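Close look at the chain arrangement
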Amino acid sequence: MAIRQDDNRPSRRFGLINLLLIGFGVLLLFSNFLPNPATQVPRVPYSLFIDQVNADNVKRAYITSDQIRYELIKAPAEGAPTVLATTPIFDMELPQRLEQHGVEFAAAPPRKPSFFTTLLSWVVPPLIFIGVLQFFARRSGMGGAQGALSFTKSKARVYVPDEESRVTFADVAGVDEAKTELTEIVDFLKTPERYVAIGARIPKGVLLVGPPGTGKTLLSKAVAGEAGVPFFIISGSEFVELFVGAGAARVRDLFDEAKKKAPCIIFIDELDAIGKSRAGSMGVVGGNDEREQTLNQLLTEMDGFAAKDKPVIVLAATNQPEVLDPALLRPGRFDRQVLVDRPDLSGRRTILGIYAKKVKLAEGVDLDRIAQATSGFAGADLANLVNEAALLAARAKRTAVEQGDLNEAIERVVAGLEKRSRVLQDDEKRVVAFHEVGHAIVGHLMPGGSKVAKISIVPRGMAALGYTLQLPTEERFLNSKDDLEGQIATLLGGRSAEEIVFGEVTTGAANDLQRATDIAEQMVGTYGMSDVLGPLAYDKQGGGRFLGGGNNPRRVVSDATAQAIDREVRSLVDRAHDRALSILRRNRELLDGIAARILEKEVIEGDELRDLLAASVMPEEIGAPA
Ligand code: ADP
Ligand code: MG
Ligand code: ZN
C-alpha cells in the first residue's frame, strides 16, 4: 500500500492580526531597553562627584533614583564636557553636603511609565490571548481553513491501496474465522447496493479483539485491500492530547475527511486508549474529561453517518476488550466483535510458509518441526523468528537459512537475545544450575504433553538467568488436572532444588512462584477442578483470559468462600511443592550429577539430556499423582 499524508492540510500561514500582535509584543519588550537620550552623558565615579562638590566646582545637580546628573562650573580640562552623570549611592549626607557647597539641586519625582508603555502593557496581553483563542476556534471549524498549528487536525494516515503493495487476505494466515467474518464487510464495501436493496443493516463498527501481534492491523489493511477502498489509520492514543477538546475535534475532522472519501474504512488502533469505561476510570486524576469528550464525539459520529450507498466502516482493534465502555459495544456501534487469537499448529505452519518464502531456505528445512516448537507464538513472533534466522545465517556467511538457524531463532525469540557478556559469579552460577536441573528432573517425571528439551545457564534477556526449555510433544488444547498439577510442581522444582541443596532460597524463583500460583488459582477459580469447592467458576470471565492477562476479578462470593478458595489454592501449591521436594530428594545424586555437568558445559540438550534424565526415578510415596 502506498502511504501518503493527507495532502489538503492547511498551510502554515500567519494572519495579519497575528503579525501585528507579534510586532506589538516585540516593541513592548524593547521599550525598556531603548537608549534613553539622557544617558548619553559621560559617567564618572561617585567619588569624583563628591570631590568636585567638595572643591566647589559643581553648579547644580539633578538627582533621580538611578542617576545624578550635574553641571560643573569649570571644565577640568579644555574642551572637556561640563555635564556629567554618576550613579547615586545611598548617602544621607548628600543634601547637607550639596547645601554647604552651594550646589543648586533638585530631585525628580519617581519615574512614571510613559503613556505608551502603559497602553502596551494593558492592551497587548488581552490581545495576544484573544489571538490564541481565535487560532483554536478557527482550527476546529469545518475543514480547518488555515492556521499555524494543527492541534485539532486528525493525524490519520491514508492508505490508498495500489496494485503491487496491496495487502490481501492471502497475506494473513491462521485466523480463518476472523477472515470469514470480515469477508462480509469486504463484500458490503464492494457492492453496498445489494445489501441496501434487501434492507439489510450492515454493522458500522467491527471490533478486532486479540493479543498483540496476532495480525489485527494487518487484517484491517487486508479488508481495505480486498475491497479496494481508502483506509484511514489512526491510533487511539493519538486522540488523547494535552488540550481538552482537541481529541473530540480530531474525531470530527477524521470523520469529515472519511465521508469525503467514502466508501472507505477508518481503522482505530488501540481503541482502549479512548474507549476506557467511564465508570471504571473514576478517581483517576486529570485527563478524563478529555478522554470522555473524545469518546462521546466518537459515539456521536458513529451514530451520525448513515449514507447507505457511501459506507464508512469503522474497524477498531484492542487487546483489552474488558476495559471498553459498554456504550461502544451497543448496536449501531461496535456491535460486531471478531476474535483474532494466536494461531494453532496448522496456522503457524501457514504463517511460517508465508515468511519463509521471503528468505532463502536451505534444502530439507522442516517447517513443520518449527511450527510444533512454537506453540503460543503470535503471527508477529513468527515473522520475527524467520527474520532472526535469516540474520543468523547471514552473520555466519551461509547462503541459505538452515534448520539450525531457525532453532536458534526460536530460542532467541523465546528468551531474548543471548547475553554472554553478563557474567554470573561462581556461587550464583551454582545456584542457577541446581535451580534449572530441579525444574528439569521434576518436569521430566511429571505427566503432560511436553518433554524437557534443553537446560541452559547462559543468562538471556533481562530476567532469565538460566532456563529449562520444555517442548510440547503434541498440540494440546485441553489440560487435565494431573497435567496442571504437574506444571505447578515443575515450576516449583527450581526453588525446591535450592531448598534441598543450599537450605535456603534466592530471589530467582519469584517468577516461577507467580506462574505456579496463577495456575493454581485458575484451577480453582476458572476450571472448577477443586474437590472441595466444586465445579463453580469463581472468576468472572471478562473476556480477557486468552490474552494472558489473567487478573480477572472474582465473582461476588461470601467471605467464607473466599477463604476456602485461598485455602484451596494454597493447598494445591503446597502439595505440588511437597511432590517436587520428594522427587528431588529421591534423585539427589542425579541432581548433583547433572548440575556438575551443566556447570561445565553451560548447556545440555538433545540425546545427552535425554539419557541423563532417563535415570531419574519416581519416589514410591508419590506413585500415581494425587
Ligand atoms: P496486531 O495489530 O494484532 O498487534 P499486527 O497486525 O500489527 O498485529 O502484526 C504485526 C506483524 O506481524 C504484521 O505486519 C505481520 O508481518 C505479522 N503478522 C501478525 N499476524 C499475522 C498473521 N496472522 N499472518 C501473517 N502475518 C502476521
Ligand atoms: Mg496493531
Ligand atoms: Zn525457575
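Since we're looking at a predicted model, the values are computed, not measured. (Residues numbered from 1 in each chain as written. Chains lettered and ligands numbered in written order. Predicted model: local features only at pLDDT ≥ 70, side-chain atom pairs only at ≥ 80, totals over all residues. Heavy atoms only, no water.)

1. Considerations on the overall build of the chain
- Within the chain, the regular secondary structure consists of 21 helices and 14 strands.
- For the chain, the exposed surface amounts to about 33000 Å²; the carbon and sulfur share of it is 56%. (Helix = DSSP H or I, 4+ residues; strand = E, 2+ residues; numbered from the N terminus. Areas by Shrake-Rupley, 256 points an atom, 1.4 Å probe, with all protein chains shown as cover.)

2. A closer look at unusual backbone geometry
- Phi is positive for Glu270, close to 50°, though the residue is something other than glycine.
- Looking at the element boundaries, Glu270 is found in the loop between β9 (264–269) and α10 (272–275).
- If you check the backbone angles, Lys397 has positive phi at about 60° while not being a glycine.
- Residue position: Lys397 is located in the loop between α14 (379–395) and α15 (403–415).
- Classification of Lys397 by relative accessible area gives exposed; the value is 75%. (Buried < 20%, exposed > 50% of the residue type's maximum accessible area, 1.4 Å probe, protein only.)

3. Description of the pattern of salt bridges
- Across all of its chains, the model carries 21 salt bridges by this definition.
- Of the charged contacts, one joins Lys259 and Glu301 as a salt bridge, the two residues approaching to 3.8 Å between their closest N and O atoms. Of this pair, Lys259 sits in helix α9 (residues 246–261) while Glu301 sits in helix α11 (residues 288–304), placing them 42 residues apart in sequence.
- Of the residues examined, Glu301 reaches a relative accessible area of 9% and is grouped as buried.
- Ionic pairing is found between Lys481 and Asp531, a salt bridge with its closest N-O pair at 3.8 Å. Taken together, the residues span a long stretch of sequence, with Lys481 in helix α17 (residues 481–502) and Asp531 in the loop between α18 (510–525) and α19 (559–586) at a distance of 50 residues.
- Through salt bridges that share partners, Lys59, Arg60 and Glu71 make up one connected network. (Salt bridge = Lys/Arg side-chain N within 4 Å of Asp/Glu carboxyl O.)

4. Considerations on the site of ligand 1
- Taken together, 14 residues lie near ligand 1, and Ala173, Gly213, Lys216, Thr217 and Tyr355 sit nearest.
- The fraction of the free accessible surface of ligand 1 (560 Å²) that becomes covered by protein chains is 78%.
- For the shell around ligand 1, the secondary structure elements donating two or more residues are α7 (216–227), α12 (345–356) and α14.
- Take the shell around ligand 1: its biggest share by element is 3 residues, from α7.
- The class makeup of the residues in the shell around ligand 1 is 7 nonpolar, 5 polar and 2 charged. (Near = heavy atom within 4 Å. Nonpolar A, V, L, I, M, F, W, Y, C, P; charged D, E, K, R; others polar.)

5. With respect to the environment of Gly215
- Its location among the elements puts Gly215 in the loop between β7 (205–209) and α7.
- Residues Gly215 and Asp341, spaced 126 residues apart in sequence, show a C-alpha to C-alpha distance of 8.9 Å.

6. Focus on the packing of aromatic side chains
- Evaluation of the coordinates by the stated rule reveals 5 aromatic pairs.
- Ring geometry for Phe188 and Tyr195: centres 5.5 Å apart, planes at 85°, overall edge-to-face. Tyr195 shares its class with Phe188; the two are buried.
- Judged by centre distance (5.7 Å) and plane angle (90°), the ring pair of Phe434 and Phe502 falls under edge-to-face. A residue pair is termed long-range when its members are at least 10 positions apart, and Phe434 in helix α16 (residues 426–445) and Phe502 in helix α17 qualify at 68 residues. (Phe/Tyr/Trp six-rings, centres within 6.5 Å; stacked < 30°, edge-to-face > 60°.)

7. Section: the coordination of the zinc ion (ligand 3)
- Distances from the zinc ion (ligand 3) to its protein donors, His435 (NE2), His439 (NE2) and Asp512 (OD), fall at 2.0 to 2.1 Å.
- Donor residues for the zinc ion (ligand 3), ordered by position in the chain, follow H-x3-H-x72-D. Taken as a pair, His435 and His439 lie in helix α16 at a separation of 4 residues, close to a single helical turn. (Donors = N, O, S within 2.8 Å, 3.2 Å for Na, K, Ca; no water.)

8. Points about the confidence of the model for the chain
- Taken as a whole, the chain shows an average pLDDT of 78; of its residues, 77% reach a score of 70 or greater.
- pLDDT under 50 marks residues 141–149. Its contacts with residues more than four places away, or in other chains, come to 22 contacts. (pLDDT = per-residue confidence, 0-100. Contact = heavy atoms within 4.5 Å.)

9. A few points about the nonpolar core
- Within the largest apolar cluster, 47 residues are counted, with the highest numbers of intra-cluster contacts made by Ile441, Ile488, Leu591 and Ile594.
- When contributions to this core are tallied by element, the ones reaching two or more residues are α16, β12 (450–456), α17, α18, α19, α20 (588–601) and α21 (606–614).
- Residue contacts for Leu591: discarding those within four places in its chain leaves Phe434, Val437, Gly438, Ile441, Ala497, Val501 and Leu584. (Core = buried A, V, L, I, M, F, W, Y, C linked by side-chain atoms within 4.5 Å.)

10. A few points about the sheet that holds strand β3 (residues 68–72)
- With respect to topology, 4 strands assemble into an open sheet ordered β4-β3-β2-β5, the strand pairing being mixed. Lying at the two open borders of the sheet, with one neighbouring strand each, are β4 (83–86) and β5 (104–107). Strand after strand, the sheet turns through a mean of 15° between neighbouring axes, direction not considered.
- Sheet topology places strand β2 (residues 58–63) next to β5; 4 bridges connect them, and they run parallel. Within β5, the residue paired with Ala61 across the bridge is Phe105.
- The sheet strands contacting helix α2 (residues 46–54) are β2, β3 and β4, and the helix crosses β3 at an angle near 40°. (Pairing = 2+ DSSP bridges. Axes fitted to C-alpha atoms, helices over the stretch in contact; angles between N-to-C directions.)

11. With respect to the side chain of Arg348
- By secondary structure assignment, the location of Arg348 is in helix α12.
- From its side chain, Arg348 meets the backbone oxygen of Ala371 in a polar contact 2.8 Å long. (Polar contact = N/O pair within 3.5 Å; in protein donor to acceptor, adjacent residues only side chain to side chain.)

12. Considerations on helix α5 (residues 176–190)
- For α5, with 15 residues, the first-to-last C-alpha span of 21 Å sits near the 21 Å given by 1.5 Å per residue.
- If you check which residues of α5 are buried, you get Ala178, Lys179, Leu182, Ile185, Val186, Phe188 and Leu189.
- Next to the buried residues of α5 lie α6 (192–198), β7, α7, β9, β10 (312–318) and β11 (336–339). (Expected span 1.5 Å × (residues − 1).)

13. Overview of the pairing of strand β8 (residues 231–235)
- In terms of residue burial, β8 counts as a mostly covered element, since 5 of its 5 residues are buried.
- The alternating pattern of β8 places Phe231, Ile233 and Ser235 and Phe232 and Ile234 on opposite faces, both of which are buried.
- Examined bridge by bridge, β8 and β9 share 5 bridges and lie parallel to one another. Within β9, the residue paired with Ser235 across the bridge is Asp269.

14. A short note on α7
- With 12 residues, α7 should cover 16 Å at 1.5 Å per step; its first-to-last C-alpha distance of 17 Å lies within 8% of that length.
- Where burial is concerned, most of α7 is hidden: 9 out of the 12 residues are buried.
- Listed in full, the buried residues belonging to α7 are Lys216, Leu219, Ser220, Lys221, Ala222, Val223, Ala224, Gly225 and Ala227.
- Immediately beyond the C-terminal end of α7, within one or two residues, lies Gly228, with a positive phi of roughly 70°.

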